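Reading the structure
Take a look at the letters that make up each chain.
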Amino acid sequence: MYDWSDIRIFLAVAREGSTLAASRQLNINNTTVSRRIQALEHGLQLTLFMRDTRGYSLTPQGKALLARAETLEQASLDIAAEAERLNRDVSGVIRVTAPEALMTHIISPIMMAYRTLHAEVRFENLSAETQVSLERGDADIAFRATDAVAGDTLIARRLPDITWSAYCSTDYIATHGMPEKMEDLRSHAIVSFGKEIAHLGFVKWFVSHTSEDKIVATCNSVPNMAGMIRAGVGVGLLWTGSGDPLPDLVRCFPPPPELDTPWWLVASQEAHSLLRVRSFMDFAADKIDEERYGLRKKGEERGGLH
């Protein structure tokens, strides 16, 4: 029957007493104001204004609708104010999912740093080696180590790549020696990743440099892998950020670029519409770029890794 914009024009003309004054107040063309008033009257099948040389004055019908129009105006202002408040709001819960090793070594410290600035935010940590559905709302943000992010409805930001290398324990070295290059792996006992992770490109590349009959165990997570290597079971693949700090493990050789794994910060469009989610995503990405955590930007030389 009518557009809300026409109600806004109706109120301006009623208050200013003329289409010219209303056009100045609304910053639109006077002809447009007159045309929209006519369209509103036609749509409502009412005469809202009396026109004469002195300007526009409300008819009894116009006066009867004035209070209702002002109610609509206030509702519109309330919606705009609430939208602004929601857009400023960084309080609430942010649910974050990531593989356990990344959650422990990188994301949890970043969360702590963020809460020093925004104590009103609470985090729900959802460690998982497999991907949870952001589209279904199972989490707000995901840190995903994957070759590519699938899903047209997801918003993704690429982070510096995860660097991997072969590790073994000091006890293993004392008994079996240490591989000093990828080619040496074929003569060593190997701990590999199981089916949950085995399909990823970096795992396949690592396994291709080992002997199948030398794979003595498999693991389904990075912490599990670290435990097996520390126990002296064999040589295994670890993210350098988790392997380097362990005192009883030794990195066998520098991280081969072929093992670098793309890492993404991902959110659904719905979650990304929340200010607290956008704010934390920006903070986390900047912190990771700054600290690096044993990561390497795509195309960066080994010397850039720290």
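What comes next is a walk through the structure. None of the values given here were measured: they were computed from a predicted structure. Just so you know, the residues in each chain are numbered from 1, in the order the chain's sequence is written. Residue-level local features of this predicted model are given only where pLDDT is at least 70; pairs of side-chain atoms are given and counted only at 80 or more, and the full residue set underlies all totals for whole chains, interfaces and linings. Processing note: side-chain calculations cover all non-hydrogen atoms of the structure and skip hydrogens and water entirely.

Digging into helix 9 (residues 222–230)
If you check which residues of helix 9 are buried, you get Val 222, Met 225, Ala 226 and Ile 229. One side of helix 9 carries all its buried residues, which in axial view fall inside an arc of 100°. As used in this structure description, the phrase polar contact means that two N or O atoms lie within 3.5 Å; if the pair is within protein, one of them must be able to donate a hydrogen and the other to accept it, and residues adjacent in sequence are counted only when both atoms belong to side chains. Starting at the N terminus, helices and strands are each numbered in turn, a helix being any DSSP run of H or I of at least four residues and a strand any DSSP run of E of at least two. Put simply, Ser 221 is the residue that caps the front of helix 9, since its side-chain oxygen is 3.2 Å from the backbone nitrogen of Asn 224. Gly 232 sits one or two positions beyond helix 9 and adopts a positive phi of about 85°. The cut-offs for exposure are 20% and 50% of the maximum accessible area for each residue type, with area from a 1.4 Å probe on protein chains only; residues under the lower value are buried, those over the upper are exposed, and the others partly exposed. Throughout, the arc means the angular range of directions from the helix axis out to the C-beta atoms.

A word on the packing of helix 2 (residues 19–26) against helix 3 (residues 30–44)
Note on geometry: axes are lines fitted to C-alpha atoms, helical ones only across the stretch in contact, with angles between N-to-C directions running from 0 to 180 degrees. It is the contact of helix 2 with helix 3, at a shortest axis distance of 8 Å, that shows an interaxial angle of 110°. When the axes of helix 2 and helix 3 are compared, the pair comes out roughly perpendicular. The element helix 2 and its partner helix 3 pack so that their crossing is right-handed. On helix 3, the residues touching Thr 19, Leu 20, Ala 22 and Ser 23 of helix 2 are Asn 30, Val 33 and Ser 34. When describing relative orientation, an angle under 35 degrees is termed roughly parallel and one over 145 degrees roughly antiparallel, while 65 to 115 degrees is termed roughly perpendicular and anything else oblique. What makes a crossing left-handed is the near helix being turned counterclockwise from the far one by less than a right angle; a clockwise turn instead makes it right-handed. Here a residue-residue contact requires only that any non-hydrogen atoms of the pair lie within 4.5 Å.

Let's talk about the nonpolar core
Counting residues in hydrophobic clusters, the biggest one holds 59 residues, and the most contacted among them are Val 96, Ile 107, Ile 141, Phe 143, Trp 164 and Phe 280. With eight residues, helix 5 (residues 100–117) is the largest single contributor of residues to this core. Non-local contacts of Trp 164, meaning those with residues more than four positions away in its chain, are made with Phe 193, Phe 202, Val 222, Leu 237, Leu 238, Trp 239, Thr 240, Pro 255, Pro 256, Leu 259 and Thr 261. As used here, the term nonpolar core means buried Ala, Val, Leu, Ile, Met, Phe, Trp, Tyr and Cys residues forming a set that is joined through side-chain atoms within 4.5 Å. With 17 residues, the next largest nonpolar core counts Val 13, Val 33, Leu 40 and Leu 58 among its residues.

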